[in-house]
Amino acid sequence: MELFDVYPLYDITPVSAKGLTLVDDHGVEYLDLYGGHAVISIGHGHPRYVNRIKEQLDKIGFYSNAVQNPLQQQLMDTLGRLSGCDDYRLFLCNSGAEANENALKLASFHTGKSRVIAFHNSFHGRTSAAVATTDNPGINAPINKQQQVTFLDFNDIPSLEKEVRKGDVCAVILEAIQGVGGLDEPSTHFYRELSKLCSEYDVVLIADEVQSGFGRSGKFFAFQHHGVHPDIISMAKGMGNGFPVGGILIHPKFKASHGMLGTTFGGNHLACAASLAVLEVLEEEHLIRNASEVGDYFAACAAGIPEVKRIKGRGLMLGLEFDFEVAPLRKRLIVNQHIFTGSAKDKHVLRILPALNVSKQQIDHFFAALKKELA
């Protein structure tokens, strides 16, 4: 048997990891500034995280949602307090795509409508409606293209108003900082006008925080930079520090009914333990503040490199834009400098998505290496 060939792979085999350091099967150490697509939020092998999962596994690892699971209540309480969203309700699932899928489904249930507005360069997942709202025809099969989705540009208020006035839009979904697309952001003015229009025309506003949530932007959720209050908030990636967990936060105006949403593995005991560990470490080690401070330090360092044409993103969800395609540079950083970074749909953008406990010294190490490879 062979794996279905869906990813181009670097010839590197990590066998252990600690903090921001990966070690391969030859004993070579790598600085991880990508975190496996922004998943590693508190560092590889954090003791609190490892112990939480081990201790939970010794008790019970899984049972279905047909029974009480007090860990879900603990997670809700902690998440509500730290995020400032304690008036929302929580549905737990397993991934970002599943979170957005359920968000879109709930929006359609709530409004009785089916068309969705998304934005150019968006990425919301690889499943049915989620992939249909992803601006990449190459990963949309004919069955996905049956969904009714209209793509607009960020900050184009007249086009947005024209579309929602038609009365058939159930949801608008957007990333406050685009991940795969290349770190583009809507303006605060646009986000606030969008929120007003959604409220006026009975459209559900879905904030996709799958990559930007859990402190990565320097606030718990990136939409909080703009002072808006979405109807549904989707989250995943950094939520479990590598353990598969996702969820949506749902405004209290939505009425629940049995059978509307469901999941076998979502909110299982191990997933809750993993996410609780992440939240505890975020709070105890002040990692959201660190994301903001180190993000500012990164931007200051990048400003001194002439080849960098633009610094994109916020906190530790960052991109460096060059006037050349970055794939060869990214490969040289891995092979020569032993540093993991990321790519984007915009081939001129190098993405930086480290764990939120990255240090300024590690940022210095990156920029010293980058200067060598740009020389």
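Scope of this entry: the structure provided in the associated data block. (Residues numbered from 1 in each chain as written. Predicted model: local features only at pLDDT ≥ 70, side-chain atom pairs only at ≥ 80, totals over all residues. Heavy atoms only, no water.)

1. Let's talk about helix α10 (residues 327–335)
- When α10 is considered as a whole, its buried residues turn out to be L329, R330, L333 and I334. With its buried residues spanning 135° around the axis, α10 presents them on a single face.
- Looking at the buried residues of α10, the elements they touch are β3 (29–32), β13 (339–340), β14 (349–352) and α11 (360–374). (Buried < 20%, exposed > 50% of the residue type's maximum accessible area, 1.4 Å probe, protein only. Helix = DSSP H or I, 4+ residues; strand = E, 2+ residues; numbered from the N terminus. Arc of directions from axis to C-beta. Contact = heavy atoms within 4.5 Å.)

2. Notes on unusual backbone geometry
- We note that N121 has phi near 70°; this positive angle belongs to a residue other than glycine.
- Inspection of the secondary structure puts N121 in the loop between β5 (115–119) and α5 (128–132).

3. Description of the packing of aromatic side chains
- Under the definition given, this model contains twelve aromatic pairs.
- Relative to F220, the ring of F214 lies with its centre 5.0 Å away and its plane at 50°, an arrangement referred to as tilted. Residue F214 shares its accessibility class with F220, and that shared class is buried.
- For the ring pair F298 and F367, a centre distance of 4.9 Å and an interplane angle of 50° mean the geometry is tilted. Of this pair, F298 sits in helix α9 (residues 287–302) while F367 is found in helix α11, placing the two residues 69 residues apart along the sequence.
- Following the ring pairs from residue to residue traces out a cluster consisting of F214, F220, F221 and F223.
- Here the basic side chain of R330 rests over the ring of Y34, its NZ or CZ set 5.8 Å away from the ring centre. (Phe/Tyr/Trp six-rings, centres within 6.5 Å; stacked < 30°, edge-to-face > 60°. Lys NZ or Arg CZ within 6 Å of the ring centre and 35° of its normal.)

4. Regarding α11
- In this model α11 runs 21 Å from its N-terminal to its C-terminal C-alpha over 15 residues, within 8% of the 21 Å that 1.5 Å per residue would give.
- For α11, the set of buried residues is I363, F366, F367, A369, L370, E373 and L374. The buried residues of α11 all sit within an arc of 165° when viewed along its axis, so they share a single face. Residues of α11 that are exposed and point more than 90 degrees away from the buried face comprise Q361, K371 and K372. (Expected span 1.5 Å × (residues − 1).)

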